[in-house]
Amino acid sequence: MTAIQQDHPPEQPHPSDQAHGHGHGHSHGHSHGHGPATPVSARLRKIIAAVLIPFTVAVVAGLIVLWPGGTPDHKAHGRSGLGFDQTTVAGRVVKVEEVNCADVNAQPQAPTEPGQDGAAQNGAPGQSGGPGQGGKKSVCEKATIEVTSGKDKGRTFPEIVQPNASRHFSAGQELKLAYAPKAPKELQYSVSDVDRSMPMALLAGLFALAVVAVGRLRGVFALVALAISFGVLTLFILPAILQGSNPLVVAVVGGSAIMLLALYMCHGLTARTSVAVLGTLVSLLLIGVLGSLFIGWASLTGNTDDQTGLVHGLYPNIEIQGLLLAGVIIGSLGVLDDVTVTQTSAVWELREADPTTSRRKLYGAAMRIGRDHIASVVNTLVLAYAGASLPLLLLFSIADSGVGTVATSEIVAEEIVRTLVGSIGLVASVPVTTALAVLVVSADRAPAADGGAERVADAGGAQAAQTTQTTQSAQAARTGRGGRGRRRRAKGR
C-alpha cells in the first residue's frame, strides 16, 4: 500500500452473487451512486504521493528548523505589551449602591451634545447633569468588590462607577481583579475585566455539541483538527515570529502544517483529499505572490493600528510588512479548504453518478457548482470585512470623506488588498481544483471502466448460464412428470 490509501474500503460481495455462486465479489450499484466509489488505482496513488510526500517532508523540516526554543524575549525582560501577563485573582461584586459623585470626589464629564455650549456643560441654571446652580446631583455607583481567591481572599475594596461609564456592575457578578503588590494597600486591587468563563465555556460546548450531532464521527475529527490548528498557531507561529523568524516563511510552514493535518484528519488519507490539498497549495502560492507584489507596490507598511505599533515598538526586529502578508495567507487558508474540498467532492460524486460522462462535461458540471460557491463566498468575505471594520467605516462617514480618499488611505487600503488578494486566490482555486480532480478521476476510471465491462460481460454470461440452468431444470421437471405419467398409464394397462 502506498502513502495514499484508497478512497473507500474494498467492496463486499453482493448477497445475490453469493446465492447464485458468483465469484466476482463486486456490487453493481456504481451507476446509481448507492455503492462505494471505485478505488483509486495504484498508479495514480504513486503519482500523487510523489508530489505530496516531498512537500510534507519539507513542511516537517521547516517546523523543526523554525521551532522556537528557549525563553521568549518578553518573558526574559519582564516586558508586557497590553498588561495581559499581570497577576490576576478572582473577585465578586458584593453590593452596588448609588452615591453622590461629589461625595466620592468623582465628577463625571457629561457628553457634549450638538448645540450645547460650555455654560450648559458646566451646569448652568436650568440645565441638569452638573453640580451648578439648579442642576441635579450626579449619581454614581459605588460597588463593593470582594477578593475570592489568592492570599487576600475575603478582602473588600470599593469601586466607583461614573454615570457615563460603559461598564456597570451588578450584585453577584464575577470579576477578574488586577493585583499590584508594590502599590499602597488600598490601591493594590482594581477591576481588570469581567469574568466571562461561564458564558464562553457554555457557547463552546454548544458549538461542539452541534458539530458532533450533525457531523458525528467526522465532526469529532473536525474538533480535534481545530484544536491542533490552534496549537500550531499558539505554539509555533506566534512564538517563532516573536523570536525573529521571517513572518512570511513561518506563516507558509505553519499554514501548510495546519492544512495537511486538518484536511487529512477530517476527510481521510485518500486521493480525493490529496487533490484538495494540491488545489489549496496552488491557490496559497498564488495568494503569496499577489500579496507580496501588491503590498510592496502600494507601499503598505502594515503599521496601521495601535496593536501593530505596540508590537513593533517592543520588537523592532519583526518585519511588520511580512506580518501583514502572513496574516493574508493564514486568513485565506480556512476559506480555501472549504472551496477545494467541496469542488473535489463534487467532481467525484458527479463521476459516480454518470461514469460514462466525458471530461469536458464533467468539468462544466463541476464548474457550475463552483460558480455558485464563488458568488456566495466572495460576498461573505466582503461583508465579513465590513462588519469587522464597521466603527472605522462610521468614522469615515462622519468625516464626510470621499470614496477615493477613504479607499486609498493606508488603513483601508490594507484591508482592501487583504480582501481582494484572498478573493482572487479563492476564485482561482475553483478552476484549478476542478481541473485537477477531473484529470485524476478520469484517468483513474479508465482501468475501472474496462473492469466494469468485464464485470458486465461476466454478469451477462452468468445470467445466460443461470437462464440455461433454469430452462434445463424446467425441462427435466417436465420430463420427470411425463415419465411418471407414462409409467402410471403402462401399469393401468
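Residues numbered from 1 in each chain as written. Predicted model: local features only at pLDDT ≥ 70, side-chain atom pairs only at ≥ 80, totals over all residues. Heavy atoms only, no water.

Visitor: Before we move on, can you summarise the overall build of the protein with the specific residues and values?
Guide: Within the protein, the secondary structure is distributed over 13 helices and five strands. Restricting the contact set of the protein to residue pairs at least 6 apart, pairs at least 24 apart contribute 70%. Of the accessible surface of the protein, which amounts to about 28,500 Å², a share of 61% is contributed by carbon and sulfur atoms. (Helix = DSSP H or I, 4+ residues; strand = E, 2+ residues; numbered from the N terminus. Contact = heavy atoms within 4.5 Å. Areas by Shrake-Rupley, 256 points an atom, 1.4 Å probe, with all protein chains shown as cover.)

Visitor: Which residues make up the packing of aromatic side chains, and what values do they have?
Guide: A complete count under the given rule lists four aromatic pairs for this structure. Relative to Tyr 189, the ring of Phe 157 lies with its centre 6.3 Å away and its plane at 20°, an arrangement referred to as stacked. Pair noted here: Phe 157 is in strand β3 (residues 156–161) and Tyr 189 is in strand β5 (residues 189–194), with a separation of 32 residues, a long-range link. Each member of the pair, Phe 157 as well as Tyr 189, is classed as buried. The rings of Phe 157, Tyr 179 and Tyr 189 are connected pair by pair, giving a single aromatic cluster. (Phe/Tyr/Trp six-rings, centres within 6.5 Å; stacked < 30°, edge-to-face > 60°. Buried < 20%, exposed > 50% of the residue type's maximum accessible area, 1.4 Å probe, protein only.)

Visitor: Can you lay out the confidence of the model for the protein for me, pointing to particular residues and giving the numbers?
Guide: Mean pLDDT over the protein: 75, with 71% of residues reaching 70 or higher. For residues 1–38, every residue scores under 50 in pLDDT, and the model assigns this stretch 62 contacts once sequence neighbours within four places are set aside. (pLDDT = per-residue confidence, 0-100.)

Visitor: Break down the nonpolar core for me, citing the residues and quoting the values.
Guide: A general trend in soluble globular proteins is that nonpolar side chains are found buried together. Among the nonpolar cores identified, the biggest contains 57 residues, and Phe 236, Ile 237, Val 250, Met 259, Val 277 and Val 347 are the most heavily contacted of them. Within the residue set of this core, elements represented by two or more residues are α2 (42–66), α5 (197–242), α6 (247–267), α7 (271–297), α9 (320–353), α10 (359–388) and α13 (410–492). No other element matches α9, which puts 11 residues into this core. For Val 347, the residues in contact, after removing those within four places along its chain, are Leu 362, Ala 366, Thr 434, Ala 437, Val 438 and Val 441. One finds Val 89, Val 161, Tyr 179 and Val 194 within the second-largest nonpolar core, a separate group that totals 14 residues. (Core = buried A, V, L, I, M, F, W, Y, C linked by side-chain atoms within 4.5 Å.)

Visitor: Explain the pattern of salt bridges residue by residue, including any values.
Guide: Taken as a whole and assessed by the stated rule, the structure comprises eight salt bridges. Across the salt bridge formed by Arg 92 and Glu 146, the nearest N and O atoms sit 3.1 Å from each other. In this pair, Arg 92 sits in strand β1 (residues 88–100) while Glu 146 sits in strand β2 (residues 139–147), placing the two residues 54 residues apart along the sequence. Taking relative accessible area as the criterion, Arg 92 reaches 30% and is therefore assigned partly exposed. In this structure, the salt-bridge partner of Glu 349 is Arg 272, at a minimum N-O distance of 3.7 Å. Here Glu 349, found in helix α9, pairs with Arg 272, found in helix α7; they are 77 residues apart in sequence, far enough to count as distant. Classification of Glu 349 as partly exposed rests on a relative accessible area of 47%. For Arg 272, a relative accessible area of 17% gives the class buried. (Salt bridge = Lys/Arg side-chain N within 4 Å of Asp/Glu carboxyl O.)

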